[in-house]
Amino acid sequence: MAPAAMNFASSLSDAQPVSYWLDDPGKPGALPALTGDEHCDLLVVGGGYSGLWTALLAKERDPGRDVVLIEGREVGWAASGRNGGFCAASLTHGLGNGLARWPDELATLEELGNRNLDAIEETVKKYSIDCDFERTGEIDVATEPHQVDELHEMYEEVRGLGLTGFELLDQDAVRAEVNSPTFLGGLWDRRGVAMLHPAKLAWGLKQACSDLGVRIYENTSGLDLASSGNRTVVRTPYGRVFADRVALGTNVFPSLVKRVRAYTVPVYDYALMTEPLSTEQLAAIGWKRRQGLGDSANQFHYFRITADHRILWGGYDAIYPYGGKVSAEMDHRPETYLKLAGHFFHCFPQLEGLRFSHAWGGAIDTCSRFSAFFGTAHGGKVAYAAGYTGLGVGATRFGADVMLDLLSGAQTGRTQLQMVRNKPLPFPPEPVAWAGIGLTKWALARADANGGRRNAWLRTMDKLGLGFDS
């Protein structure tokens, strides 16, 4: 190992292999598992954000509705407790992806996304959810000259759409916000992203659901789903749930509607958390307005500062396991941690000597269009939403509304959207998926190293509407 890599390795020597967010003394205890048979109006499968928002909104729409939620482990233990805590208004995985896929709907989707983020902020206040919610926005930063040009082009697109709240930053301006010698420019979305403690949001939603009368069973996996007369039955390890309607919020885990499984693949994403910064270290980087940040590369990093003055640094590697299997052994990847540590100190050389307290990973459900898709099964009695591709902290609330609309059978503004009515292209079976994803990752890295120029493979994928992202 080279001396520089050895220095990076020493910064990881005390890092605990667990999500910083879940390593919290305030973590609530697990609720009992379901034993025997349950009956309800609505069964929600999955205790991450998708399921929690669905259960909460179902009770807010109709307080008399009898709602049950089951979770295979504990509420918030998977992606909802391991992400970066970026709660974005975007429903389309960013403006660029939205423009490419739904240009005629983008203004509507942006409006719906902003209203959705406003509603999340209102919910946090209404139910007194202590999750460090800060609507500080996010800066997309350029670290290569071609990325500066791309940010200028995006700013002009934003202005053309009549969207407000965006500010283009030159090199001096972006470094005045967060001081890194690698930053060449930035595009600041001042209101479209909030920073929060992701696990505390999940735990707060759990408490709010419980207070409204939702019956929550943890350590209760949904094993299979079938029609039973005019109802649907979901079998669990120790019992069954009979429900008039079922909402599936299982995301990266295999859907109980088997035909949906081909539309998503798991991508493992990894993150580091530093120890708290000293007053001197904080002064060296600035970051007084606490925005979230992400660089503009294809293989991008996301980073933010926490309420207790740590820096979360994640992204870059997006690891697809052959066959799409979700497994605990993939939750940690030391070679990625070492790579991320090197990238961190390249970005912030003034923080040399800082150490990492936590290092962890987890699976994201990605689809070929990078943003959620929706549908129904079993004659409209079952609804699903999946494929959020890393932006589910905020967009899952919108997805919950869509699932409830679909289950009601009513046509709404949401259900009439092309984004909701159409599905992405499914991923091919193995070994084609493995080869295609590997080739795409190689091509994306090559584009980053060649001024953003996309080769013939990527241009073909763009035309087909296919992609791979986290």
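Look above for the structure.
Cut-offs used in this document
Residues numbered from 1 in each chain as written. Predicted model: local features only at pLDDT ≥ 70, side-chain atom pairs only at ≥ 80, totals over all residues. Heavy atoms only, no water. Helix = DSSP H or I, 4+ residues; strand = E, 2+ residues; numbered from the N terminus. Rg over C-alpha atoms; globule rule 2.2 N^0.38 Å. Contact = heavy atoms within 4.5 Å. Areas by Shrake-Rupley, 256 points an atom, 1.4 Å probe, with all protein chains shown as cover. Lys, Arg positive; Asp, Glu negative; His and termini not counted. Charge placed at Lys NZ, Arg CZ, Asp CG, Glu CD. Phe/Tyr/Trp six-rings, centres within 6.5 Å; stacked < 30°, edge-to-face > 60°. Buried < 20%, exposed > 50% of the residue type's maximum accessible area, 1.4 Å probe, protein only. Expected span 1.5 Å × (residues − 1). Patch = residues over 30% accessible without salt bridge, like charges linked within 9 Å, V, L, I, M, F, W, Y side chains within 5 Å. Salt bridge = Lys/Arg side-chain N within 4 Å of Asp/Glu carboxyl O. Pairing = 2+ DSSP bridges. Axes fitted to C-alpha atoms, helices over the stretch in contact; angles between N-to-C directions. Core = buried A, V, L, I, M, F, W, Y, C linked by side-chain atoms within 4.5 Å.

## A word on the overall build of the protein
Each helix and strand counted, the protein has 13 helices and 18 strands in total. The C-alpha atoms of the protein give 22 Å as radius of gyration, which agrees with the globular expectation for 470 residues (23 Å, within 12%). Projected onto its principal axes, the C-alpha positions of the protein cover 65 × 50 × 45 Å. Within the protein, counting contacts between residues at least 6 apart in sequence, those at least 24 apart form 76% of the total. Counting only carbon and sulfur atoms, one obtains 52% of the accessible surface of the protein, whose full area is about 19,400 Å². The positive charge centre, built from 46 side chains, and the negative charge centre, built from 55, are 6 Å apart in the protein.

## Details of the packing of aromatic side chains
Tallying each qualifying case throughout the model produces 21 aromatic pairs. Consider the rings of Phe-374 and Phe-398, whose centres lie 6.4 Å apart with planes at 75°: the pair is edge-to-face. Placement of Phe-374 in strand 17 (residues 373–377) and of Phe-398 in helix 10 (residues 392–408) is noted, with a sequence separation of 24 residues between them. Taking relative accessible area as the criterion, Phe-398 reaches 5% and is therefore assigned buried. Among the aromatic residues, those joined into a ring-pair cluster are Phe-8, Phe-183, Trp-287, Phe-303, Trp-313, Phe-344, Phe-345, Phe-348 and Phe-356.

## Quick look at helix 7 (residues 198–211)
Taking 1.5 Å of rise per residue, the 14 residues of helix 7 would be expected to cover 20 Å, and the 20 Å separating its terminal C-alpha atoms lies within 8% of that figure. Across the 14 residues of helix 7, ten count as buried, placing the element largely inside the fold. In the core, the buried residues of helix 7 are packed alongside helix 2 (49–61), helix 4 (106–126), strand 8 (215–217) and helix 10.

## Some points on a nonpolar patch on the surface
Taken together, the side chains of Leu-439, Trp-442 and Trp-457 make up a nonpolar region of the molecular surface, amounting to roughly 290 Å² of accessible area. Tracing the backbone shows Trp-457 in helix 13 (residues 456–464). Since its relative accessible area comes to 31%, Trp-457 is described here as partly exposed.

## Let's talk about helix 2
Here helix 2 contains 13 residues, and its C-alpha end-to-end distance of 18 Å stays within 8% of the 18 Å for a straight helix at 1.5 Å per residue. Regarding helix 2, the residues found buried are Tyr-49, Ser-50, Gly-51, Leu-52, Trp-53, Thr-54, Ala-55, Leu-56, Leu-57, Ala-58 and Lys-59. Where helix 2 is buried, its residues contact strand 1 (36–45), strand 2 (67–70), helix 4, helix 7, strand 11 (239–248) and helix 10.

## Re the pairing of strand 18 (residues 382–386)
Among the five residues that make up strand 18, five are buried, leaving the element largely enclosed by the rest of the structure. What you see with strand 18 is no split at all: Val-382, Tyr-384 and Ala-386 on one side and Ala-383 and Ala-385 on the other are buried throughout. Sheet analysis places strand 11 next to strand 18, joined by three bridges and oriented parallel. For Val-246, the partnering residue across the bridge sits in strand 18 and is Val-382. Strand direction decides the pairing type here: strand 17 and strand 18, joined by five bridges, are antiparallel.

## Details of the sheet that holds strand 6 (residues 185–189)
The strand order across the open sheet built from eight strands is 5-6-4-13-14-15-12-16, with neighbouring strands paired in mixed fashion. Edge positions in the open sheet fall to strand 5 (166–169) and strand 16 (356–366), since each of these has one partner strand only. Ignoring which end each strand starts from, the neighbouring axes of this sheet average 20° apart. Sheet topology places strand 12 (residues 265–274) next to strand 16; ten bridges connect them, and they run antiparallel. Residue pairing across strands places Tyr-270 opposite Gly-361, the latter belonging to strand 16. Each of strand 12, strand 14 (301–305), strand 15 (311–315) and strand 16 touches helix 9 (residues 334–347); the most contacted strand, strand 12, lies at about 50° to it.

## Things to note about a negative patch on the surface
A cluster of like negative charges, contributed by Asp-149, Glu-150, Glu-153 and Glu-157, occupies part of the molecular surface. Along the chain, Glu-157 falls in helix 5 (residues 145–160).

## Quick look at the nonpolar core
By size, the foremost hydrophobic cluster in this structure holds 50 residues, and its most contacted members are Leu-42, Phe-133, Leu-201, Leu-205 and Phe-374. Listing elements by their share of this core, those giving two or more residues are strand 1, helix 2, strand 2, helix 4, helix 7, strand 18, helix 10 and helix 11 (418–421). The biggest single contributor to this core is helix 10, with eight residues. Excluding anything up to four places from it in sequence, Leu-205 contacts Tyr-49, Leu-52, Trp-53, Leu-56, Thr-123 and Ile-129. Ala-15, Leu-272, Leu-282 and Phe-303 belong to the second-largest nonpolar core, a separate cluster that totals 36 residues.

## Quick look at the pattern of salt bridges
Side chains that differ in charge, positive against negative, can pair when their charged atoms come close. Tallying each qualifying case throughout the model produces 27 salt bridges. In this structure, the salt-bridge partner of Lys-125 is Glu-121, at a minimum N-O distance of 4.0 Å. Residue Lys-125 and its partner Glu-121 are both found in helix 4; the two are separated by four residues, about one turn of the helix. Look at Lys-125 and you get exposed, because its relative accessible area is 61%. Judged by relative accessible area, which is 17%, Glu-121 ranks as buried. Its salt-bridge partner being Arg-135, residue Glu-121 comes within 2.9 Å of it at the nearest N-O pair. Here Glu-121 is found in helix 4, whereas its partner Arg-135 is found in the loop between helix 4 and strand 4 (138–142), with 14 residues between them in sequence. The exposure classification of Glu-121 matches that of Arg-135, with both residues buried.

## Let's talk about unusual backbone geometry
Here Glu-430 and Pro-431 are connected by a cis peptide whose omega angle stands at 0°. Relative to the assigned elements, Pro-431 resides in the loop between helix 11 and helix 12 (432–449). Notably, Ser-128 is not glycine yet its phi reads approximately 50°, a positive angle. If you trace the backbone, Ser-128 turns up in the loop between helix 4 and strand 4.

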